[in-house]
Amino acid sequence: MDTDRLPGCYRHPDRDTGIRCTRCERPICPECMISASVGFQCPECVRDGSGTGHAPAASVPRTVAGGVVAADPHLVTKILIGINAAVFLVGMLAPAVVVQLELLGRYVEYFGGPVEGVSTGQYHRLLSSVFLHVEWWHIGGNMLALWVIGGPLEAALGRVRYLAVYVLSGLGGSALVYLLTAPNTPTLGASGAIFGLLGATVVLVRRLRYEMRPVITMVVLMLVLTFVPFGGSLSVSWQAHIGGLVTGLLVGLGMVGPAAGRTRTLIQWGTCVAAFLLAAAVVLVRTAELT
């Protein structure tokens, strides 16, 4: 982190400022400054002290992406880890569940049996497969990465925006797997979504002007592990990793790229819609090819 930077406004962390509220001493940007008899005060102190100032909603501390600062900034990450762990345990007790939820383009389980897979309309596999793991080392590695990468990103984006990055990255990774992998090859795991969080982290670090070398080193290391042959019963799906990473970069740009203002929310959710439509288009093209 660049230690020479000025502190960020407590309501707009991406805005450097040298001004502090004369009552609570929190850093405030020009948009949050309210003239007082001596110096400036923040909207919260003005509202609490005299009943005037901005509306209560305007005084809620915001993340760099405009989300509400939560009491538990890692709650969604904890819930995602819990869901992955629960699905893993269910899969251990009932392996047939994994077969019904893993990502498969088109396959027949036995001679004369029904054709199944995404191409038959089982589109739920594109997302359900993101929560599946069949080995302890697989879920352990992914959940550790989710905690290390996802926790700080959730705190920076806010819960809803963070969840959008996770889900869309998982969908983007699955879409590329569906497009480029043999239709009878099963694929599963949260690594596509985690690579998406990593991509969004790259954008965030760049936006906040933090030191880029650690996160770039992490990206390079994870890409090397993606393309280096890996032993064991499972192989790494580079399609999921690349699809998730690219989706995370694009959605991350939409989340933290625009400056605060009336159009920021529109750009953010417009980017999410665009990412979803792009993934849907890839899925439809592959489905048409397989059917």
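Rules used in this analysis
Residues numbered from 1 in each chain as written. Predicted model: local features only at pLDDT ≥ 70, side-chain atom pairs only at ≥ 80, totals over all residues. Heavy atoms only, no water. Phe/Tyr/Trp six-rings, centres within 6.5 Å; stacked < 30°, edge-to-face > 60°. Helix = DSSP H or I, 4+ residues; strand = E, 2+ residues; numbered from the N terminus. Lys NZ or Arg CZ within 6 Å of the ring centre and 35° of its normal. 1 Å grid on protein atoms, 1.4 Å probe; cavity = no way out; pocket = protein on both sides within 12 Å on 5 of 7 lines; lining within 4 Å. Points joined across faces, edges and corners; volume = space filled by probe spheres on them. Nonpolar A, V, L, I, M, F, W, Y, C, P; charged D, E, K, R; others polar. Polar contact = N/O pair within 3.5 Å; in protein donor to acceptor, adjacent residues only side chain to side chain. Contact = heavy atoms within 4.5 Å. Core = buried A, V, L, I, M, F, W, Y, C linked by side-chain atoms within 4.5 Å. Buried < 20%, exposed > 50% of the residue type's maximum accessible area, 1.4 Å probe, protein only.

1. Considerations on the packing of aromatic side chains
All told, the structure shown has three aromatic pairs when counted by the stated rule. When the ring of Phe88 is compared with that of Trp136, the centres are 4.7 Å apart and the planes differ by 70 degrees; the resulting orientation is edge-to-face. Taken together, the positions of Phe88 in helix H2 (residues 75-93) and Trp136 in helix H5 (residues 136-157) put the pair 48 residues apart, joining distant regions of the chain. Sitting over the face of the ring of Tyr10, Arg26 holds its NZ or CZ atom 4.1 Å from the ring centroid.

2. Re empty space enclosed by the protein
Going through the model one piece at a time under the given rule, you end up with two cavities of 30 Å³ or more. Quantified by volume, the largest cavity comes out at close to 80 Å³. Along its surface, the largest cavity is lined by 13 residues, and Ser129, Val130, Ser174, Gly189 and Ala240 are the ones closest to its centre. Secondary structure elements with two or more residues in the lining of the largest cavity: helix H6 (159-180) and helix H7 (191-207). Roughly 60 Å³ of internal volume is contained in the second largest cavity. In terms of lining residues, the second largest cavity is bounded by Leu103, Leu104, Gly105, Val177, Tyr178, Thr181, Ala182, Pro183, Thr185 and Thr187.

3. Re the layout of surface pockets
Taken as a whole, the largest pocket spans an internal volume of roughly 910 Å³. If you go around the largest pocket, you meet 35 residues; those closest to its centre are His138, Asn142, Ser191, Val236 and His241. At the level of secondary structure, the elements contributing two or more residues to the lining of the largest pocket comprise H5, H7, helix H8 (213-227) and helix H9 (238-256). For the lining of the largest pocket, a count of residues per class yields 20 nonpolar, 14 polar and one charged.

4. Brief notes about the side chain of Thr271
Examined against the element boundaries, Thr271 turns out to sit in helix H10 (residues 264-290). Within the structure, the side chain of Thr271 is placed 2.8 Å from the backbone oxygen of Ile267, a separation counted as a polar contact. Ignoring anything within four residues of it in the chain, the contact list for Thr271 reads Leu250, Val251 and Gly254.

5. A few points about the nonpolar core
Formed by 41 residues in total, the largest nonpolar core has its most connected members in Leu146, Leu157, Tyr162, Tyr166, Leu197, Met255 and Val256. Elements that contribute at least two residues to this core include exactly H2, H5, H6, H7, H8, H9 and H10. Contact partners of Val256, with chain neighbours within four places excluded, come to Val64, Ala65, Leu157, Val203, Leu204 and Arg207. If you look at the next biggest cluster of nonpolar residues, it comprises 11 residues, including Val177, Ala240, Ala279 and Val283.

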